[in-house]
Amino acid sequence: MRDYSEYRKILNLWDEGRNKSEIEQFTGIPRSTVRDCIKRFGSLKAFEAWIASETQPMLIQKLRGELSGDHAHLHLAYAYIFGLYLGDGNLSLVRKTLRLRITLDAKYPQIIQKCVTDLQTILPNNQIGLVHRRRNDLPSCIDVSVFYKHWDLLLPQHGTGEKHTRPIVLEAWQQNIVDQHPLEFFRGLYHSDGSRFMNRVKVAGKAYEYPRYQFTNASEDIIALFCAACDRIGVEWTRKLRRARSANHVDNLDIYISKRPDVAYLDSVIGAKS
């Protein structure tokens, strides 16, 4: 392909009403190139749109809100997948193409299926891979993966090392999506690093139990994102630091959602993992 500036010259003159012969004479660009350029793009506006799609694919433009249309389903899927990625996802370069891999517990097939479905919503033309990891001849977890050369644009939080060792800061368009769809973002985080369990306590010698939601992560930034999602969906939370048991481990932060109305609400819209 010739230099982009030559294409801009051709199409700018074409938009001004010059014919192909005049463009050839004025620019010195071969007639065949002039003809092919006009046939392919038709206008300078169409060429600039093509340039944008090459450097900034249409998917990222939709996520950023730069293209008109109803993209709510795409934003919902992204909010969920982004939550999963922050908990259990990573990017790696494989044969010059980026691969997103999200590792999920094999005992939760509905979560695995939702992950697959939402990835297909984001990338309908890409193949979703499932790799079963086995322990004692039983599947213990499943890697859901998909290749896409622009994952670094969709997930700019990637980097070297574990997530808790580096800042996790959202870009403005990501913040807009999680603000608009906090429940799906909460769901993705909870499905990755959260749990619902029965909390058992003793008061004045009597045993009590009540359901409780918990989210655990070592990253202060990811914890802050989860708490902000809780605030947006209107559930109260408490925070507790869990010290590492040994030098080989790191401190974790536990976020608890314990109030009966809040647990009942989460049960109605999310529920226990399955």
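Residues numbered from 1 in each chain as written. Predicted model: local features only at pLDDT ≥ 70, side-chain atom pairs only at ≥ 80, totals over all residues. Heavy atoms only, no water.

S.K.: Got a minute to help me understand the side chain of aspartate 143 in this structure?
M.R.: Turning to its location among the elements, aspartate 143 is positioned in strand β4 (residues 138-147). Among the polar contacts made by the side chain of aspartate 143, one reaches the side chain of threonine 103 at a distance of 2.7 Å. Beyond its immediate sequence surroundings of up to four residues, aspartate 143 is in contact with Arg101, Ile102, Thr103, Gly129, Leu130, Val131 and Arg133. (Helix = DSSP H or I, 4+ residues; strand = E, 2+ residues; numbered from the N terminus. Polar contact = N/O pair within 3.5 Å; in protein donor to acceptor, adjacent residues only side chain to side chain. Contact = heavy atoms within 4.5 Å.)

S.K.: Explain the nonpolar core here, please?
M.R.: In this structure, Leu100, Trp151, Leu154 and Phe186 are the most contacted members of the largest nonpolar core, which totals 60 residues. With 10 residues, helix α6 (residues 72-88) is the largest single contributor of residues to this core. With sequence-adjacent residues up to four places away left out, leucine 100 is seen in contact with Ile81, Tyr85, Asn90, Leu91, Leu119, Val144, Ser145, Val146, Trp151 and Leu155. Formed by 12 residues, the second largest nonpolar core is a distinct cluster that contains Tyr7, Cys37, Phe41 and Ile51. (Core = buried A, V, L, I, M, F, W, Y, C linked by side-chain atoms within 4.5 Å. Buried < 20%, exposed > 50% of the residue type's maximum accessible area, 1.4 Å probe, protein only.)

S.K.: What's the story with helix α11 (residues 220-233) in this structure? I'm lost.
M.R.: The α-helix winds at 3.6 residues per turn, so residues separated by three or four positions along the chain end up facing the same way. Along its 14 residues, α11 runs 20 Å from first to last C-alpha, staying within 8% of the 20 Å computed at 1.5 Å per residue. Within α11, burial applies to Ile222, Ile223, Leu225, Phe226, Cys227, Ala229, Cys230 and Ile233. Residues of α11 that are buried make contact with α6, α10 (182-193), β6 (206-217), β7 (238-242), β8 (252-257) and α12 (260-269). Measuring from the backbone nitrogen of aspartate 221 back to the side-chain oxygen at the start of α11 gives 3.3 Å, which picks out serine 219 as the cap. At the exit of α11 stands glycine 234, carrying a positive phi of roughly 85°. (Expected span 1.5 Å × (residues − 1).)

S.K.: Can you walk me through the pairing of β6 in this structure?
M.R.: Both faces of the sheet carry side chains from a regular strand, because those side chains alternate between them. When strand β5 (residues 194-203) meets β6, the two strands line up antiparallel, connected through 10 bridges. Bridge pairing links glycine 194 to phenylalanine 215 in β6. Linking β5 back to β6 in an antiparallel pair, the connection comprises two residues, with alanine 204 at a positive phi of about 55°. In this sheet, β8 lies alongside β6 in antiparallel orientation, the contact comprising five bridges. Residue glutamine 214 lies in a different strand from β8, and its bridge partner there is tyrosine 256. (Pairing = 2+ DSSP bridges.)

In short, shape yes, function no, at least from these values alone.
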